[in-house]
Protein chains: 2
Amino acid sequence: MNMYRDVSAATRVTTIGAGPIGGGWAAHFLARGYDVTAHIHDMAERDALMAVIDTAWTSLAALGLERGASRDRLTVTSDLKEAAQGAEFIQESAPERLDLKQALYATLGEIAPENVVIASSTSGLTMTEIAADCATPARCVIGHPFNPPYLLPLVEIVGGERTASEAVAWAAAFYETAGKAPLVMKKEVPGFVATRLQEALWREALHMVANGEATPEDIDIALKNGPAPRMAVQGQCMAFHVACGEGGMATNLDQFGPALKWPWTRLEAPELTQELRDRMVEGCDAMARGRHFTDMAAERDRRIVAVLNALRDTA
Amino acid sequence: MNMYRDVSAATRVTTIGAGPIGGGWAAHFLARGYDVTAHIHDMAERDALMAVIDTAWTSLAALGLERGASRDRLTVTSDLKEAAQGAEFIQESAPERLDLKQALYATLGEIAPENVVIASSTSGLTMTEIAADCATPARCVIGHPFNPPYLLPLVEIVGGERTASEAVAWAAAFYETAGKAPLVMKKEVPGFVATRLQEALWREALHMVANGEATPEDIDIALKNGPAPRMAVQGQCMAFHVACGEGGMATNLDQFGPALKWPWTRLEAPELTQELRDRMVEGCDAMARGRHFTDMAAERDRRIVAVLNALRDTA
């Protein structure tokens, strides 16, 4: 039994927050053809919100608007009750303060229809904490975007201890319908997936600058001209899988496993157990879906060329 | 005094190695209009080399060939003396075995004209080690590409203890002339810059898979739809600098400095000293060259849109 409406029947989204994240979400949903009610704390924030939306619109138009999408379908209000009651989905991007979010979810939990999923953009708090005082926590999830939220497709989704799995599944399906790339997390883990990976890289970068091994400019030159264009096409697991030819990820781990002990970063690798090896290999095999590595390498190259040409043409 | 010829006067490149790196380099230099002599250990490897070059050529043509560039300007030989004597630059991509490379550099040191810079593609060895038995180590440098070497522009350059700084500078200038993005390293450090950053991310990914926090597919979905397209445009330092608005990197470090203590990755951050803070801020200010963050954000968005459209159009 699922109390939530069909995701494709949801046409009215309420966003909460006038900052770059809240405004970015409002712009995204408008561009995808939704009616959007943007709740802001104070109508004095309206100009700031509109500036975020107008800036985002330039890019959203260049990516391609949904038929019927229009900024005229935006309503801005400081009346939370009005904003919540008409919503078929709520994306909350209030300031990152636990007390503030807890009070907000206590209120939203009462005034928003119980079959409406509420998603928080928080990057540092858990839904277990945020929904502590909420009377209807089952429909509350994290829906964490990546900055800029109107451009990058990723949304990381995870519930709290009292969240219903149906709400998590609904949010994932809804975000996908709304043109995002949802990633349902296996566990509540600080930093989710993308930020954890980025943060490991960032801390290594700070170590390198602290030790005089690289400058900030060196870091950025290295990333832009090396790993990043490939990572945009393949991620990192498939990059290694395809680079290792016939043997794929198995060869990568069996052959370069010892390199995990080398001081190629200050982060110690986990023990390369048989179980970890198998998970990596099976995960990559599943992604490869039987394609031969030469086909995947050709596709990689074709797409990296397109990314490099796009970077050059906009330089 | 500089004994090396002008970089723009160098028109004949010798590559050593028949594998994906050696072949990738040969293809790159051919595409940039150089005469290339490819040395392979055994003429039986010729077909493998040509297959690498032909595969690379498809992408290089799509990126745009230099006027006059042609695969007809390739000579393949197993005669090392002949290959070395006609060279104006040597890119060595022999197998990653120290004994083998040391013997090779002992020979090259004798037979290659002393004003010819020799660069090694090694990813795991230092030039101090490689050139241990070389009679002319001053012109020997590391010139480390990123896979695939015919596509990704990055080349990390660093000398060994006996390398002349002129040779490092010459290699950087030559790679730039030859269409690469050179990065001269401050120190010999294992993994150079790009691989260290990537390796920190990779080890965090392995930890997440080992702990059941994410699957390989989750890792790749997160990277492709989140950090990577932005990192391809801005790197990581400028991504944070621009995202923090007026305050830039200073705001990032002053406001989010405490987050460096949070368990957002298993890699501990360095102490955020005043000196590290200043290096990061000054480095980003230098890269910004006085541009306002709104202009840089608009440029970021325009370029991310181009990258996302390129990814979509080639999906």
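Residues numbered from 1 in each chain as written. Chains lettered and ligands numbered in written order. Predicted model: local features only at pLDDT ≥ 70, side-chain atom pairs only at ≥ 80, totals over all residues. Heavy atoms only, no water.

1. Regarding the overall build of chain A
Right, so step 1: Helix and strand counts for chain A stand at 13 helices and eight strands.
Right, so step 2: Against the 2.2 N^0.38 benchmark of 20 Å for 315 residues, chain A shows a C-alpha radius of gyration of 22 Å, consistent with a compact globule.
Right, so step 3: Its C-alpha atoms give chain A principal-axis dimensions of about 60 × 45 × 45 Å.
Right, so step 4: Within the structure as shown, chain A displays about 12000 Å² of accessible surface, and the carbon and sulfur contribution to it stands at 50%.
Right, so step 5: Taking the average place of the 29 positive charges on the side chains of chain A and the average place of its 41 negative ones, the gap between the two points comes to 4 Å. (Helix = DSSP H or I, 4+ residues; strand = E, 2+ residues; numbered from the N terminus. Rg over C-alpha atoms; globule rule 2.2 N^0.38 Å. Areas by Shrake-Rupley, 256 points an atom, 1.4 Å probe, with all protein chains shown as cover. Lys, Arg positive; Asp, Glu negative; His and termini not counted. Charge placed at Lys NZ, Arg CZ, Asp CG, Glu CD.)

2. A word on the interface of chain B and chain A
Right, so step 1: The partner chain A presents 105 residues to the 106 residues of chain B that form the contact.
Right, so step 2: Here chain B meets chain A over a buried area of about 10100 Å², counting both sides, of which 69% is carbon and sulfur.
Right, so step 3: The tally of links from chain B across to chain A stands at four salt bridges.
Right, so step 4: The salt bridge partner of Glu204 of chain A is Arg196 of chain B, with a shortest N-O separation of 3.0 Å.
Right, so step 5: Our enumeration of links across chain B and chain A arrives at 46 residue pairs in polar contact (both at pLDDT 80 or more).
Right, so step 6: Ranked by the residues each element gives to the side of chain B that touches chain A, the list is headed by helix H7 (residues 194-210) of chain B, at 17 residues.
Right, so step 7: Along the lines of polarity and charge, the residues of the side of chain B that touches chain A split into 64 nonpolar, 21 polar and 21 charged. (Contact = heavy atoms within 4.5 Å. Buried area = accessible area lost by both parts, 1.4 Å probe. Salt bridge = Lys/Arg side-chain N within 4 Å of Asp/Glu carboxyl O. Polar contact = N/O pair within 3.5 Å; in protein donor to acceptor, adjacent residues only side chain to side chain. Nonpolar A, V, L, I, M, F, W, Y, C, P; charged D, E, K, R; others polar.)

3. A closer look at the pattern of salt bridges
Right, so step 1: According to the stated counting rule, one finds 38 salt bridges over all chains in the structure shown.
Right, so step 2: When the shortest N-O distance is used, the salt bridge between Asp301 of chain A and Arg300 of chain A registers 2.8 Å. Each member of the pair Asp301 of chain A and Arg300 of chain A is classed as buried.
Right, so step 3: Across the salt bridge formed by Arg12 of chain B and Glu88 of chain B, the nearest N and O atoms sit 3.5 Å from each other. Of this pair, Arg12 of chain B sits in strand E1 (residues 12-16) while Glu88 of chain B is found in the loop between helix H3 (80-85) and strand E4 (89-92), placing the two residues 76 residues apart along the sequence.
Right, so step 4: For Arg12 of chain B, a relative accessible area of 38% puts it in the partly exposed group.
Right, so step 5: Salt bridges sharing partners connect three or more residues here, namely Arg196 of chain A together with Glu204, Glu213 and Arg266 of chain B. (Buried < 20%, exposed > 50% of the residue type's maximum accessible area, 1.4 Å probe, protein only.)

4. As for the relation of the copies chain B and chain A
Put simply, the second copy of the chain is the first one after a rotation about an axis and a shift along it.
Right, so step 1: Once chain B has been moved 0.0 Å along the axis and rotated by 180 degrees, it coincides with chain A to within an RMSD of 0.0 Å. With respect to symmetry, the two chain copies, as superposed, fit the operation of a two-fold axis. (Least-squares fit on C-alpha atoms with pLDDT ≥ 70 in both.)

5. A closer look at the pairing of strand E8 (residues 181-184) of chain B
Residues and elements named next belong to chain B.
Right, so step 1: Relative to E8, strand E7 (residues 154-159) runs parallel, the two being bridged by four bridges. Across the sheet, Glu156 pairs through a bridge with Leu183, a residue of E8.
Right, so step 2: Assessed by its sense of winding, the connection that carries the chain from E7 through helix H6 (residues 165-177) to E8 is right-handed. (Pairing = 2+ DSSP bridges. Right-handed = clockwise from strand over helix to strand, strands pointing away.)

6. A word on the packing of helix H12 (residues 274-288) of chain A against H7 of chain B
Right, so step 1: Contact geometry of H12 of chain A with H7 of chain B gives a least axis separation of 10 Å together with a crossing angle of 105 degrees. Classified by the interaxial angle, the pair formed by H12 of chain A and H7 of chain B is roughly perpendicular. Touching Leu276, Arg279 and Met280 of chain A of H12 of chain A are Trp202, Leu206, Val209 and Ala210 of chain B, all from H7 of chain B.
Right, so step 2: Residue composition of the contact of H12 of chain A with H7 of chain B, by class: six nonpolar, no polar and one charged. (Axes fitted to C-alpha atoms, helices over the stretch in contact; angles between N-to-C directions. Parallel < 35°, antiparallel > 145°, perpendicular 65-115°, else oblique.)

7. Thoughts on the UniProt feature "domain: 3-hydroxyacyl-CoA dehydrogenase C-terminal" (unreviewed entry) in chain A
Right, so step 1: When the UniProt feature table is mapped onto this chain numbering, "domain: 3-hydroxyacyl-CoA dehydrogenase C-terminal" (unreviewed entry) sits at residues 191-254 of chain A.
Right, so step 2: Secondary structure across residues 191-254 of chain A comprises 77% helix and 0% strand; the distance between its end C-alpha atoms is 30 Å. (UniProt positions renumbered as here; feature names shortened; annotations may be inferred.)

8. Some remarks on the sheet that holds strand E5 (residues 118-120) of chain B
All names here are of chain B.
Right, so step 1: The eight strands are arranged E3-E2-E1-E4-E5-E6-E7-E8 in an open sheet whose pairing can be described as mixed. At either margin of the open sheet sits one strand with a lone partner, and together these are strand E3 (74-77) and E8. Geometrically, the sheet is characterised by an average inter-axis angle of 25 degrees between neighbouring strands, direction not taken into account.
Right, so step 2: Examined bridge by bridge, strand E6 (residues 140-145) and E7 share five bridges and lie antiparallel to one another. Along E7, the bridge assignment pairs Ile142 with Val158.
Right, so step 3: Its contacts with the sheet put helix H1 (residues 20-31) on E1, strand E2 (35-39), E3, E4, E6 and E7, and the angle it makes with E1 is roughly 165 degrees.

9. Description of the UniProt feature "domain: 3-hydroxyacyl-CoA dehydrogenase NAD binding" (unreviewed entry) in chain A
Right, so step 1: In this numbering, the UniProt entry assigns the feature "domain: 3-hydroxyacyl-CoA dehydrogenase NAD binding" (unreviewed entry) to residues 13-187 of chain A.
Right, so step 2: From the first C-alpha to the last, residues 13-187 of chain A spans 27 Å; its make-up is 38% helix and 21% strand.

10. So, the side chain of Arg196 of chain B
Right, so step 1: The topology assignment puts Arg196 of chain B in helix H7.
Right, so step 2: Side-chain polar atoms of Arg196 of chain B contact the side chain of Glu204 of chain A, separated by 3.0 Å.
Right, so step 3: Excluding its chain neighbours within four sequence positions, the residues that come into contact with Arg196 of chain B are Glu204, Met208, Pro263, Trp264, Thr265 and Arg266 of chain A together with Val189, Pro190 and Gly191 of chain B.

11. What about helix H1 (residues 20-31) of chain A?
Residue and element names in this part refer to chain A.
Right, so step 1: With 12 residues, H1 extends 16 Å from end C-alpha to end C-alpha; this agrees with the ideal 16 Å at 1.5 Å per step.
Right, so step 2: Of all the 12 residues making up H1, 10 are buried; the element is thus mostly covered by neighbouring parts of the structure.
Right, so step 3: Gly33 sits one or two residues past H1 and shows a positive phi near 90 degrees. (Expected span 1.5 Å × (residues − 1).)

12. Focus on the packing of helix H8 (residues 216-225) of chain A against helix H9 (residues 227-234) of chain A
Residues and elements named next belong to chain A.
Right, so step 1: Contact geometry for H8 and H9: axes closest at 3 Å, N-to-C directions at 40 degrees. The angle between the axes of H8 and H9 places the two elements in the oblique class. Of H9, the residues touching H8 (which contributes Ala222, Leu223 and Lys224) are Pro227, Ala228 and Pro229.
Right, so step 2: For the contact of H8 with H9, the residue count by class is five nonpolar, no polar and one charged.

13. Describing the nonpolar core
Looking at soluble globular proteins, one finds that nonpolar side chains tend to be buried together.
Right, so step 1: With 215 residues, the main nonpolar core has Phe29, Trp202 and Ile219 of chain A together with Phe29, Trp202 and Ile219 of chain B as its most contacted residues.
Right, so step 2: What Trp202 of chain B contacts, discounting residues up to four positions off in sequence, is Gln236, Cys237, Phe240, Met249, Asn252, Leu253, Leu260 and Met280 of chain A. (Core = buried A, V, L, I, M, F, W, Y, C linked by side-chain atoms within 4.5 Å.)

14. Examining helix H4 (residues 98-111) of chain A
Residues and elements named next belong to chain A.
Right, so step 1: Spanning 14 residues, H4 covers 20 Å between terminal C-alpha atoms, matching the ideal 20 Å at 1.5 Å per step.
Right, so step 2: Where H4 is concerned, the buried positions are Lys101, Gln102, Leu104, Tyr105, Leu108, Gly109 and Ile111.
Right, so step 3: Looking at the packing, one finds that the buried side of H4 touches strand E1 (12-16), helix H3 (80-85), strand E4 (89-92), strand E5 (118-120), helix H5 (127-130) and strand E6 (140-145).

15. A look at the packing of aromatic side chains
Right, so step 1: Within this structure, the stated rule accounts for 26 aromatic pairs over all chains.
Right, so step 2: Pairing Trp170 of chain A with Phe174 of chain A gives two aromatic rings, centres 5.1 Å apart and planes at 5 degrees, and the pair type is stacked. A residue pair is termed a helical-turn pair when its members lie 3 or 4 positions apart in one helix, as Trp170 of chain A and Phe174 of chain A do in helix H6 (residues 165-177) at four residues. Each member of the pair, Trp170 of chain A as well as Phe174 of chain A, is classed as buried.
Right, so step 3: Measuring from ring centre to ring centre gives 4.7 Å for Trp202 of chain A and Phe240 of chain B, while their planes differ by 85 degrees; the resulting arrangement is edge-to-face. Of the two residues, Trp202 of chain A is situated in helix H7 (residues 194-210) and Phe240 of chain B in helix H10 (residues 237-243); the pairing between them involves two chains. Here Trp202 of chain A matches Phe240 of chain B in class, with each residue buried.
Right, so step 4: Linked through ring pairs, Trp25, Phe29, Tyr34, Phe89, Trp170, Phe174 and Tyr175 of chain A together constitute an aromatic cluster.
Right, so step 5: A cation over a ring is seen here: Lys180 of chain A above Trp25 of chain A, with NZ or CZ 5.3 Å from the ring centre. (Phe/Tyr/Trp six-rings, centres within 6.5 Å; stacked < 30°, edge-to-face > 60°. Lys NZ or Arg CZ within 6 Å of the ring centre and 35° of its normal.)

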